[in-house]
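# Observations on the three-dimensional arrangement
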Amino acid sequence: MEERILESFGRQGLMRHLGARITHVGAGTVHIRLDAREELTQQHGYFHAGATSAIADSAGGYAALTVFPAGTDVLTVEYKMNLLAPADGEFLEAVGTVLRSGRTLTVCRLDVFAGRGERRTLVAAGQQTLIRIDAR
């Protein structure tokens, strides 16, 4: 399962461009880390909401893929993010967690934490619906 997730993630141009990397793969959960760089900030120096949302979307998608059978893939149908605090830190970590997986649709929780040293602050939370498709 982990090899399948990492291989797929390696084909994501946006994640590569952002410098994101998977730090944990488990049944129904995936963590993605994004280290701070000036190119990822908005005008106040915080991580941009686009970068925050992008890694959350991917973490949820790959969490869903961990529970899908071989020969299938995943696409996001919709997601909603609430930005709870300025994303200020040395890194962001998005955690995607499967809440319920059905034959066709899967729902995931999305949490994004800003980290500075050992301290982590929840900066965004959301929910996502994904659809299982046949692999190409």
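Here is a short report on the structure shown in this document.

Attention shifts here to the pairing of strand S5 (residues 105-116). In this structure, strand S4 (residues 91-101) lies alongside S5, joined through 10 bridges in antiparallel fashion. The residue bridging Val95 from the neighbouring strand is Asp111, located in S5. Between the antiparallel neighbours S4 and S5 lie three residues. Where S5 hands over to strand S6 (residues 119-134), the hairpin turn is made up of two residues, of which Gly117 adopts a positive phi near 65 degrees.

Before going further, it helps to spend a moment on the pairing of strand S2 (residues 29-35). The element S2 is largely enclosed, with a buried count of five among its seven residues. Here strand S1 (residues 21-26) pairs with S2 via five bridges, running antiparallel. What sits directly across from Gly26, in S2, is Thr29. Here S1 folds back onto S2, and the loop between the two strands holds two residues, one of which, Gly28, carries a positive phi near 80 degrees. Note that S2 and S4 share seven bridges and pair antiparallel. Considered in S4, the bridge of Asp35 is made with Phe91.

Thresholds applied
- Residues numbered from 1 in each chain as written.
- Predicted model: local features only at pLDDT ≥ 70, side-chain atom pairs only at ≥ 80, totals over all residues.
- Heavy atoms only, no water.
- Pairing = 2+ DSSP bridges.
- Helix = DSSP H or I, 4+ residues; strand = E, 2+ residues; numbered from the N terminus.
- Buried < 20%, exposed > 50% of the residue type's maximum accessible area, 1.4 Å probe, protein only.

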